[in-house]
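Notes for the structure review
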Amino acid sequence: MHTSISEILKEKSLKPSRRSLPCLAQSQTHPINLNHFLSVPLSPDPKPDVEDLSQSISTSCSLLPPQTTEDVKDTYVEETEVSTNETRADPTFLLQKPISRAKLGTRTDSLQEKNRSDSSGLFFRDGKKRIDYILVYKKSSPQVEKRCTFEKNLRAEGLMLEKEPSMTNNDIMFVKIHAPWDTLCKYAEQMNIRMPFRRIYYLSSYLFLVVCQQIKGWLPKNPMKLDKEALPDLEETDCYTAPFSRARMHHFTINNRETFFSNSTRSRIVHHVLQRTKYEDGKSKMGINRLLGNNTYEAAFPPHEGGYKSRHPIKTHGAQNHRHLLYERWARWGIWYKYQPLDLIRRYFGEKIGLYFAWLGWYTGMLIPAALVGVFVFLYGLFTMDSSQVSKEICEANSTIMCPMCEETCEPWTLSDSCVYAKVTRLFDNGGTVFFAIFMAIWATVFLEFWKRRRAELTYDWDLIDWEEEEEELRPQFEAKYSRLERVNPISGKPEPFQPFSDKLSRLLVSVSGIFFMISLVLTAVFAVVVFRLIAMEKFASFNWNFVKKNWQFATSGTGVCINFMIIMSLNVVYEKVAYLLTNLEHPRTESEWENSFALKMFLFQFVNLNSSTFYIAFFLGRFAGRPGKYNKLFNRWRLEECHPSGCLIDLCLQMGVIMFFKQIWNNFMELGYPLLQNWWSRRKMKKGGGGGGQNVENKSQLPQWDKDWNLQPMNAHGLVDEYLEMVLQFGFTTIFVAAFPLAPLLALLNNIIEIRLDAYKFVTQWRRPMPARATDIGIWHGILEGIGVLAVITNAFVIAITSDYIPRFVYAFKYGPCVDKGHHHADECLRGYMNSSLSVFDMWDLKNSSKDRYCRYRDYRAPPWSSAPYEFTLQFWHVLAARLAFIIVFEHLVFGIKSFIAYLIPDMPKDLCDRMRREKYLMQEMMYEAELEHLQKERKKNGKRYHHEWP
């Protein structure tokens, strides 16, 4: 399955390379406290023979488990590694700079002091071997045989292990893993990892860069940018990358083999080995994930690079490590207005997490113009609230009697009682609503198109252009389930497990059935909320307290949306477990397929759960209420709810505002508050001895790094699904019903500014370091965002046409208002008499009502009772309906046309980026030829052969 230690090195052809942003591992500007350690060149030693290497591997675990549980608890064998197991690099591959003997002595002393101070946290006991991964298990676990076999096989793969007991719990044991140089090189070649190639300098380019730097120095600094002094470890160097090859190691820039592979790359290589190492005989008995599932190990994680706080200020003493640098320049609240250090995030957490924060930052920045336009529309409604003709007519209608809201205990009420309701409606239902809806539809397209360009730049800078061509690894669960069925992979040409079509189809049908069942559960919950609103409407309309009775609309909508919010948050917990179960039932082939399937289910569940009640209020509330004397009733008991005379848009606005506000608060608490409480409780137990007989550690700084990381919270099992899901649902709220709530982009902007720092603080301080993973895009979420953009155009067209009163006012002004026969069309003048035109008349004496007022008004376009066809729809009703349908068609075609045209104008990849890629491909081929020529000439000169005027 794996390449053995004695396997003959095979030369691989290099693919066309790309430029890596900085040669990160080779940068000479490390944080101040790390300079001495990272810049010491190690003296090369000859590489040991294969036989000596195999003899140096030591195992201290017995394959036979102890006889009793007490023996297991009391058994602890300290494992050490023979120093000869540490391999050496060929001295010809190290590009060392000449340094003075005095400097070398100083740096060596500093290195030794650094090793002594860090050996308890980041290194083995010898202070030299860096810890690349941590495994945690309980000594009381009965899975001793599996664990010992697994660790024995890890050593056979070339990894070095060392065990340490926990200082806070005697039952916890840590297994520290170190990957030697040869092991890193072997798996870097197998995994096709791209590493820095030799640099190339051009005098013209150098002079151009110097001139540009001088010009930039004269310009005022952007306060949002992090200066180079804040991030000294990210200075760029002109460097290209190529797939690593041991046979052509002389092509790569290896100044120091300890830093050639970054910490995240080392952890990724070790994780690759952990995923493919067996713990029992059989094809499916492999992988750390299965060992975590059967409680052989409690946890597996790469260690943090030390603490995130320092006693000394970073400006004078520099950063202790990259975690400290991330905390000071990213996770602190005081720099909320600064750009994110995406390159440092990518280096520490991996490209996948780096792309998430890049997308989140891009989305937050694009929300700024949307929020400004939304605030402008809101202020327009605020300034015209009192001068609106519709609001004036409602507030002055003291003699207009409205029909009772219920048929038994309610009494008629005057239209002027809802004056406040009408003014508030004006804030969101005004002339700027249509413009803002069109603007947000175009904004969504521009956001996604420019994100494609930004993603292309990041994948180029982060050297991910060719990564998507690599074959993804199978999930261990998939291999275990279908290990008996194999077929040849058309890409790799190797046999691998496969899932029969019939099995896949049956599992997919079960999964789809589960999805529809959960969606039906959501609709049932919405129906229950609708019943509550009907009951609450009657109770509040006949309430004894006059304040509640007068504002029954606000009371009904407010209580309904609060109960709906509690139901939404309760069902989300159930949906997550169901989605996890259904996704595992499908047995996806790879991790990306599992993540995409789980993400799609979670989005469908939560999107329907979050927006179903909003769709009801927007498109069904008040549409089927009937009329006085012939109201439609639910179960022949509760009268259906009807809209306010000024429209239903304020109900929709209230629903969106309350849910969006409280959901963001709840999400922020669960993201940061809950981990803080859990970590506080862990520290409290740790001070008391942990309940496991451990030492009573008063000072947390006394703990080694692996103990500190173990007491942090692990990153959730779903990876970044929850983070993306929260933002995508917010994007839906911001775009789908934005015509009803123009302040949604502003709330989203404020939340995202907090969200970035919350997530940064959580990743740096509250979570264990996740395994650095690679990705070229945001996955299935991009398709979901495009789908939301299309849905937003349709829903906003229906909201403006059906939910708001924009179309009825438009029809009245141009067909029935006082400006029909006049040449000018002033908005307020043309709407005079609109409210009286939109209210129909009902004869209460037809119901044998003993009220002193015979006639009351209700919202509809129906004939009066004294006409030849009483209570039938008038011609104005059909004119309004036709105008609504026409507006929907015109709006959708217009906006979709503009969106398509903008998407066509904006290419997915900038032209200068395409030119740079072609240019650097050409330069890379030239550099490879020159490097090979130089190497062969040195070899011939070394052997005493002629090389002048001779083809190498």
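Residues numbered from 1 in each chain as written. Predicted model: local features only at pLDDT ≥ 70, side-chain atom pairs only at ≥ 80, totals over all residues. Heavy atoms only, no water.

1. Digging into the overall build of the protein
Let me state the cut-off plainly: By definition, any uninterrupted DSSP run of H or I lasting at least four residues is a helix, any uninterrupted run of E lasting at least two residues is a strand, and each is numbered from the N terminus. Relative accessibility decides the category of a residue: with a 1.4 Å probe and only protein chains considered, values under 20% of the type maximum give buried, values over 50% give exposed, and everything between is partly exposed. By definition in these notes, contact holds between two residues if any of their heavy atoms fall within 4.5 Å. To measure how exposed things are, a 1.4 Å probe is used in the Shrake-Rupley method; for residues, cover is taken only from the protein chains shown.
Each helix and strand counted, the protein has 32 helices and 16 strands in total. Going through the 952 residues of the protein one by one, you find that 52% of them count as buried. A separation of at least 24 residues holds for 77% of the contacts in the protein among residues at least 6 apart in sequence. Accessible area for the protein stands at about 45100 Å²; split by element, carbon and sulfur atoms hold 58% of it.

2. Some thoughts on the packing of aromatic side chains
The criterion, for reference: To pair, rings of Phe, Tyr and Trp, with the six-membered ring standing in for Trp, must have centres within 6.5 Å; the planes then decide the type, stacked if under 30 degrees apart, edge-to-face if over 60, and tilted in the middle.
Across all of its chains, the model carries 52 aromatic pairs by this definition. Between Tyr724 and Trp781, the aromatic rings sit 5.9 Å apart at their centres with planes inclined by 20°, giving stacked as the arrangement. Here Tyr724 is found in helix α25 (residues 721-735), whereas its partner Trp781 is found in helix α27 (residues 780-803), with 57 residues between them in sequence. Note on accessibility: Tyr724 and Trp781 belong to one class, buried.

3. Let's talk about the packing of helix α17 (residues 432-461) against α27
This is how it is decided: Geometry is summarised by axes, namely lines fitted to C-alpha atoms with helices restricted to the contacting stretch, and by angles between N-to-C directions that run from 0 to 180 degrees. We call two directions roughly parallel when the angle between them is under 35 degrees, roughly antiparallel when it is over 145, roughly perpendicular when it lies between 65 and 115, and oblique otherwise. Each residue is assigned to one class: nonpolar for Ala, Val, Leu, Ile, Met, Phe, Trp, Tyr, Cys and Pro, charged for Asp, Glu, Lys and Arg, and polar for all the others, Gly among them.
Where α17 contacts α27, the two axes come as close as 10 Å, and the packing angle between them is 170°. What the angle tells us is that α17 and α27 run roughly antiparallel. Mapping the contact onto sequence places Thr433, Val434, Ala437, Ala441, Leu448, Trp451 and Lys452 in α17 and His782, Leu785, Glu786, Val793, Asn796 and Ile800 in α27. Looking at the contact of α17 with α27 residue by residue, the classes come out as 8 nonpolar, 3 polar and 2 charged.

4. A few points about the pairing of strand β3 (residues 172-178)
The test is simple: When DSSP finds at least two bridges between two strands, those strands are taken to pair.
Of all the 7 residues making up β3, 7 are buried; the element is thus mostly covered by neighbouring parts of the structure. Side chains of β3 alternate between two faces, with Ile172, Phe174, Lys176 and His178 and Met173, Val175 and Ile177 buried alike. As defined by bridge partners, strand β1 (residues 133-138) adjoins β3 across 6 bridges and the pair is classed as antiparallel. Following the sheet pairing, Tyr133 is matched in β3 by Ile177. Pairing analysis gives 6 bridges linking strand β2 (residues 160-165) to β3, with the strands arranged antiparallel.

5. Let's talk about unusual backbone geometry
In the Ramachandran plot, Asn192 falls in the positive-phi region, its phi being about 60° despite a non-glycine side chain. Of note, Asn192 is situated in the loop between α6 (181-190) and β4 (194-196). For Asp463, which is not a glycine, the phi torsion comes out positive at approximately 65°. On the accessibility criterion, Asp463 (4% relative accessible area) is buried.

6. Quick notes on the pairing of strand β15 (residues 839-843)
Counting buried residues along β15, 5 of its 5 residues qualify, which places the element largely inside the surrounding structure. The two faces of β15 match: Leu839, Val841 and Asp843 on one face and Ser840 and Phe842 on the other face are all buried.

7. Thoughts on the UniProt feature "transmembrane region" (unreviewed entry) in the protein
Note the following rule: UniProt positions are given in the numbering used here, feature names are shortened, and annotations may be inferred rather than shown by experiment.
UniProt's feature table lists "transmembrane region" (unreviewed entry) at residues 356-383, 433-451, 508-532, 552-575, 603-626, 728-750, 778-802 and 881-906, given in the numbering used throughout. Along residues 356-383 one finds 100% helix and 0% strand; the C-alpha atoms at either end are 40 Å apart. From the first C-alpha to the last, residues 778-802 spans 36 Å; its make-up is 92% helix and 0% strand.

8. Quick notes on the sheet that holds β2
Each strand in a sheet pairs with another by means of backbone hydrogen bonds, the pair being arranged parallel or else antiparallel. One open sheet holds the 4 strands; their spatial order is β2-β3-β1-β6, and the pairing between them is antiparallel. Since the sheet does not close on itself, it has two edges, and those belong to β2 and β6 (299-301), each with one partner. Ignoring which end each strand starts from, the neighbouring axes of this sheet average 20° apart. Here helix α5 (residues 144-156) sits on the sheet and contacts β1, β2 and β3; the angle it forms with β1, its principal contact strand, is near 160°.

9. Quick word on the environment of Gly432
Structurally, the position occupied by Gly432 is in helix α17. Taking the C-alpha atoms as reference, Gly432 lies 9.3 Å from Gly374; in sequence the two are 58 residues apart. Not counting chain neighbours up to four residues away, the residues in contact with Gly432 comprise Val377 and Tyr380.

10. Focus: helix α13 (residues 342-349)
Where burial is concerned, most of α13 is hidden: 7 out of the 8 residues are buried. Those residues of α13 that sit buried are Leu342, Leu344, Ile345, Arg346, Arg347, Tyr348 and Phe349. In this structure, the buried residues of α13 make contact with α9 (263-275), α12 (322-331), α14 (351-383), α17 and α26 (744-766).

11. Some points on the nonpolar core
Spelled out, the test is: Here, nonpolar core means buried Ala, Val, Leu, Ile, Met, Phe, Trp, Tyr and Cys residues that are tied together by side-chain atoms lying within 4.5 Å of each other.
One finds Trp359 and Trp781 to be the most contacted residues of the largest nonpolar core, which totals 149 residues. Considering each element in turn, this core owes the most residues, 15 residues, to α14. Beyond its immediate stretch of four places on either side in the chain, Trp359 contacts Phe447, Trp451, Tyr724, Met727, Ile778 and Leu785. In terms of nonpolar packing, the next biggest core, distinct from the first, is built from 41 residues, Met249, Val273, Leu274 and Met928 among them.

12. Details of the state of the cysteines
A covalent bond between the sulfur atoms of two cysteines is what we call a disulfide. As a reminder, the rule being used: Any pair of cysteine sulfurs within 2.5 Å is marked as a disulfide.
In the structure shown here, the tally under the stated rule is 3 disulfides. Sulfur-sulfur distance for the disulfide between Cys395 and Cys419 comes to 1.8 Å. One quick way to see it: the torsion about the S-S bond of Cys395 and Cys419 is about 80°, and its sign makes the bridge right-handed. Remark: Cys419 occurs in helix α16 (residues 419-428) and Cys395 occurs in helix α15 (residues 389-395); sequence separation between them is 24 residues. A relative accessible area of 21% means that Cys395 is categorised as partly exposed. The partner cysteine of Cys819 in its disulfide is Cys830, sulfur to sulfur 2.2 Å. In this structure the cystine formed by Cys819 and Cys830 twists about its S-S bond by roughly -105°; its chirality is therefore left-handed. Separated by 11 residues along the polypeptide, Cys819 in the loop between α28 (806-816) and α29 (827-830) and Cys830 in helix α29 bring together distant segments of the chain. Both residues of the pair, Cys819 and Cys830, count as buried.

13. A word on the environment of Val531
Along the chain, the position of Val531 falls in helix α19 (residues 501-541). Val531 sits 109 residues away from Leu640 along the chain, and the two C-alpha atoms are 9.0 Å apart. Other than its neighbours up to four places away in sequence, Val531 contacts Leu634 and Trp638.

14. Some remarks on the packing of α17 against helix α31 (residues 875-905)
Selection criterion: Left-handed describes a crossing in which the near helix is turned anticlockwise from the far one by less than a right angle; the clockwise case is right-handed.
Contact geometry for α17 and α31: axes closest at 10 Å, N-to-C directions at 30°. Looking at the two axes, α17 sits roughly parallel to α31. Crossing angle aside, the handedness with which α17 passes α31 is right-handed. Between α17, through Val434, Ala437, Ile438, Ala441, Ile442, Thr445, Val446 and Glu449, and α31, the contact on the second element is made entirely by Phe887, Phe891, Val895, Ile898, Lys899, Ile902 and Ala903. For the contact of α17 with α31, a count of residues per class yields 12 nonpolar, 1 polar and 2 charged.

15. Notes on the side chain of Asn751
To keep it simple, the criterion reads: Polar contact criterion, stated in full: a pair of N or O atoms within 3.5 Å, where within protein one must be able to donate a hydrogen and the other to accept it, and residues adjacent in sequence count only if both atoms are side-chain atoms.
Topologically, Asn751 is positioned in helix α26. A distance of 3.3 Å separates a polar atom in the side chain of Asn751 from a polar atom in the side chain of Asn752. Aside from chain neighbours lying at most four places away, what touches Asn751 is Gln664, Asn668, Glu726, Met727 and Gln730.

16. Overview of the pattern of salt bridges
A side chain with one charge can pair with a side chain of the opposite charge if their charged atoms come near. Selection rule: Whenever Lys or Arg places a side-chain nitrogen within 4 Å of a carboxyl oxygen from Asp or Glu, that contact is recorded as a salt bridge.
A full pass over the atoms with the stated rule returns 28 salt bridges. The partner of Glu586 in a salt bridge is Lys601, with the nearest N and O atoms 2.7 Å apart. In this pair, Glu586 is assigned in helix α21 (residues 552-586) and Lys601 in helix α22 (residues 591-619), connecting sequence segments 15 residues apart. Where Asp915 meets Arg918, a salt bridge forms, and the shortest distance between an N and an O atom there is 3.2 Å. In this pair, Asp915 and Arg918 both sit in helix α32 (residues 911-942), 3 residues apart, roughly one turn of the helix. What emerges from the salt-bridge pattern is a single network uniting Arg125, Glu162, Glu164 and Lys176.

17. Quick look at the confidence of the model for the protein
Note the threshold: pLDDT gives the predictor's per-residue confidence on a scale running from 0 to 100.
When pLDDT is averaged along the protein, the result is 76, and 75% of the positions lie at 70 or above. Considering only residues more than four positions removed or in separate chains, one finds that residues 947-952, a stretch of pLDDT under 50, has 9 contacts.

18. Notes on a nonpolar patch on the surface
Operational definition: Surface patches are drawn from residues lacking salt bridges whose relative accessible area is over 30%; two like charges belong together within 9 Å, two nonpolar side chains (Val, Leu, Ile, Met, Phe, Trp, Tyr) within 5 Å.
A cluster of nonpolar side chains, Phe873, Leu875, Trp878, Leu881 and Leu885, forms an exposed patch at the surface whose accessible area comes to about 490 Å². Its place among the elements puts Trp878 in helix α31. A residue is classified by how much of its surface remains accessible, and Trp878, at 46% relative accessible area, is partly exposed.

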